Amino acid sequence: MSLGRLLRRASSKASDLLTFNPGAGGSSLRSGLDGEIIFSKNNVCVHPAEPLPGLAEHHPGYLCVHVEKDESLGTTLILTWVPNSRIQRQDEEALRYITPESSPVRRNARRRGRRLVVEAGADPSSQQQQQPSAGEEGDEGSCELSDEVSRDSTMGSDSDTFSSPFCLSPVSEALCESSSSVFLDNESRLESMNHSASSASSLDSHALSESSSQSQGMRWEEQQKLLALEQLCGVFRVDLGHMRSLRLFFSDEACTSGQLVIASRESQYKILHFHHAGLDKLAEVFQQWKCCRETQLKDQVSDEKSCMQFSIQRPTLPSAETHPEERLYRRLDVTTWLRHLNQNGQVEEEYKLRKAIFFGGIDPSIRGEVWPFLLHYYSYDSSSQEREAWRLQKRSQYHDIQQRRLSMSPEEHSEFWRKVQFTVDKDVVRTDRSNHFFRGENNPNVEIMRRILLNYAVFNPDMGYCQGMSDLVAPLLTEIQDESDTFWCFVGLMENTIFISSPRDEDMERQLMYLRELLRLMLPRFHQHLTRLGEDGLQLLFCHRWILLCFKREFPDTEALRMWEACWAHYQTDYFHLFLCVAIIVLYGDDVTEQQLATDQMLLHFSNLSMHMNGELVLRKARSLLYQFRLLPRIPCSLHDLCKLCGPGMWDSRYIPTVECSGEHPDSQSCPYGGTSTPQGSKTRDIFTFRKQT
């Protein structure tokens, strides 16, 4: 690190300590100057909603928050994010968003330090500094802007303690034409970028090298990449006072890094990632602003503009909401796995193994060996020699299935292509292409995945192929890396794992019925909201994808596969995936009830949170919900199947709650589960109120 950068960092941190007063209770906000910048942070990232080959995962930018007077709200905050790629080019249209026109810094600009200037006629790419990786340390991951940039200015900054390099840019009169929030849509972004001939392609060096060589007939992937860049790398500016909600999700134990989720009243979402700390300071700024707003609105009648919701989600659960055996089990690694096997290679205590996997998960290095047991391809009591003989036998069966497919008559093949192969061929080429195992043109692993899916449709013609199956096969093939073994593990997945709910209506409806009953039991307020929405709300459309694709589209692979393993362990329930659904709603569903979201808004709310939720936190909460569910003295008969013991246990006796009939058996005079009826007129649901541990 250069001496200049070290001095700047020390000056910034000293300024933080001298000027920031978290106990001010919002007084600094109330007395703040109109246009005063109270928070700034570089290397705040936005991520593409779906990873595309060749498109960087992290797009860092400069974020600042300044105070602005508002007639209806008194004091409001304006948040602005500008991508580093546009700052490096000294993009005037982008830079003028950073410092507001009313800022005292802009009015009293002091020309200090150096500026990045691209001289006329020079090659812009040669003038730009190389964009560092977002995975590096925060101080090294920032682009070099100018000598006077404060890397992390916070509450209490004024014109003497914060000098912005962006105040040197001309002021646009159109900047402050509207005081309402502005989500810059694609058209606005494109308009603001049209002044630069190479703006679309020069937003990212990856896009530049591809687009320059393909001026004619650009491939679909490249077009998608450029579109994603245009959507990502536009200036983002909003009035936080007119937003529907602000949610802060901390992702580290120290509670300094994580995500800021901003939701507009039109159900638009923006997610900003703080990889290099700073989110804790922004949270304190928002807390003071919240106190300030509550004081200003105390004597006013609440209207729509003053309903903004603010919450902070930390990566830990209170001890009362944690399973008592949480953190007692480590990840199952090679050494621990071998302890579960005897000299013949047999699993000695299946229950203990499944329990260890439920709490700790499996190390990726041994998933290919352990997953076949969880997916019922191998028997737990089989020896190593028996498993090798079994593999040879199943390999021969797989070869026969493939031969049946290849030897179809022209008529059979034509029908098979129309019903199955046409869809499979479209799906496999776009499944997990960001995964290195399937990346690149003419990748043989993509062809292997295709054969597995086609052969499964021959093996199970009643099920055939349904869209989404490729999302389930891809992780299996990545970890097992054998075509025949992957095929039979996929067969076990579809036949023996309840949480792989087939798209058939009766299977999905049974899952949704269980989930509705769990919500009635554990989240009565959320269930009441669904009931008020009517049939559309009770269909739970927002969680169909969770169940069908096993959370694969909601969480990164590392977290989604941990959830798969917890479900496959079948520890104390066959329906742990439903407790995962409830945990997501508990942790991330406050907006739904607080804002009384309609069905389509609720669907959009949860869809926009995909890939931005904390999977480990969801797992811990789901385990806690299962533990507390099993402590209930009574359960409705509609949830009878959820408390079945899964396989052999350590004890001969087990706790069995009383089953109470819900009275909803149109095809039967008596309860098929032996549930007892309640006196007429009694409040049968009161006993199901979910109890939190104290």
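Just above, that's the structure.
Residues numbered from 1 in each chain as written. Predicted model: local features only at pLDDT ≥ 70, side-chain atom pairs only at ≥ 80, totals over all residues. Heavy atoms only, no water.

Draft legend 1. A look at helix 15 (residues 410-428). Trp417 marks the point of greatest bend in helix 15, at about 55°. Among the residues of helix 15, those classed as buried are Phe416, Val420, Gln421, Thr423, Val424, Asp427 and Val428. Check the buried side of helix 15 and you find it contacts helix 14 (384-406), helix 16 (444-459) and helix 17 (469-480). (Bend = angle between axes of the 7 residues up to and from the residue. Helix = DSSP H or I, 4+ residues; strand = E, 2+ residues; numbered from the N terminus. Buried < 20%, exposed > 50% of the residue type's maximum accessible area, 1.4 Å probe, protein only. Contact = heavy atoms within 4.5 Å.)

Draft legend 2. Highlighting the pattern of salt bridges. Taken as a whole and assessed by the stated rule, the structure comprises 26 salt bridges. Of the charged contacts in the structure, one is a salt bridge between Arg623 and Glu326, with a shortest N-O distance of 2.6 Å. Separated by 297 residues along the polypeptide, Arg623 in helix 27 (residues 615-629) and Glu326 in the loop between strand 8 (309-313) and helix 11 (334-339) bring together distant segments of the chain. Owing to a relative accessible area of 1%, Arg623 belongs among the buried residues under this scheme. Among the charged side chains, a salt-bridge network with shared partners connects Glu388, Arg391, Arg395, Asp482 and Asp485. (Salt bridge = Lys/Arg side-chain N within 4 Å of Asp/Glu carboxyl O.)

Draft legend 3. Molecular detail of the sheet that holds strand 5 (residues 245-250). With respect to topology, eight strands assemble into an open sheet ordered 4-3-2-1-7-6-5-8, the strand pairing being mixed. Each edge of the open sheet carries a strand with a single partner, namely strand 4 (236-239) and strand 8. This sheet shows a mean twist of 25° between the axes of neighbouring strands, independent of strand direction. Direction of pairing for strand 6 (residues 258-263) relative to strand 7 (residues 269-274): antiparallel, over a ladder of six bridges. Residue pairing across strands places Leu260 opposite Leu272, the latter belonging to strand 7. (Pairing = 2+ DSSP bridges. Axes fitted to C-alpha atoms, helices over the stretch in contact; angles between N-to-C directions.)

Draft legend 4. Region of the structure containing the side chain of Thr486. Relative to the helices and strands, Thr486 is located in helix 18 (residues 483-496). Once residues within four sequence positions are removed from consideration, Thr486 is found in contact with Ile452, Val473, Leu476, Leu477, Ile480 and Gln481.

Draft legend 5. Representation of unusual backbone geometry within the structure. Although it is not a glycine, Asp432 adopts a positive phi angle of roughly 50°. As for its placement among the helices and strands, Asp432 is situated in the loop between helix 15 and helix 16. Residue class for Asp432 comes out buried when judged on its relative accessible area of 15%.

Draft legend 6. Here's a closer look at the state of the cysteines. With the rule as written, the count across this model stands at zero disulfides. With no disulfide partner, Cys550 has as its closest neighbouring cysteine sulfur the one in Cys567, 7.7 Å distant. Classification of Cys550 by relative accessible area gives buried; the value is 0%. There is no disulfide at Cys581, and the cysteine sulfur nearest it, in Cys543, is 5.4 Å away. (Disulfide = S-S within 2.5 Å.)

Draft legend 7. Representation of the nonpolar core within the structure. Ranked by internal contacts, the top residues of the largest apolar core, which has 120 residues, are Phe542, Phe576, Phe579 and Phe629. With 11 residues, the single largest contributor to this core is helix 24 (residues 576-588). In terms of nonpolar packing, the next biggest core, distinct from the first, is built from 29 residues, Val67, Leu246, Leu279 and Val285 among them. (Core = buried A, V, L, I, M, F, W, Y, C linked by side-chain atoms within 4.5 Å.)

Draft legend 8. Geometry of the pairing of strand 7. Across the six residues of strand 7, six count as buried, placing the element largely inside the fold. Residue alternation in strand 7 divides its side chains into two sets, Tyr269, Ile271 and His273 and Lys270, Leu272 and Phe274, and both sets are buried. As paired elements, strand 1 (residues 37-46) and strand 7 share two bridges and run antiparallel to each other. Along strand 7, the bridge assignment pairs Cys45 with His273.

Draft legend 9. Local environment of the pairing of strand 5. Strand 5 sits mainly inside the fold: six of its six residues count as buried. Of the two faces of strand 5, the one lined by Ser245, Arg247 and Phe249 and the one lined by Leu246, Leu248 and Phe250 are each fully buried. In this sheet, strand 6 lies alongside strand 5 in antiparallel orientation, the contact comprising six bridges. Its bridge partner being in strand 6, Phe249 is matched across the sheet by Gln259. Summarising the sheet, strand 5 and strand 8 pair through five bridges and their orientation is parallel. The partner of Arg247 across the bridge, within strand 8, is Ser311.

Draft legend 10. How the structure looks around the environment of Arg237. Tracing the sequence through the fold places Arg237 in strand 4. On the basis of relative accessible area, Arg237 is assigned to the buried category, the value being 8%. C-alpha separation for the pair Arg237 and Leu63, spaced 174 residues apart in sequence, amounts to 9.7 Å.

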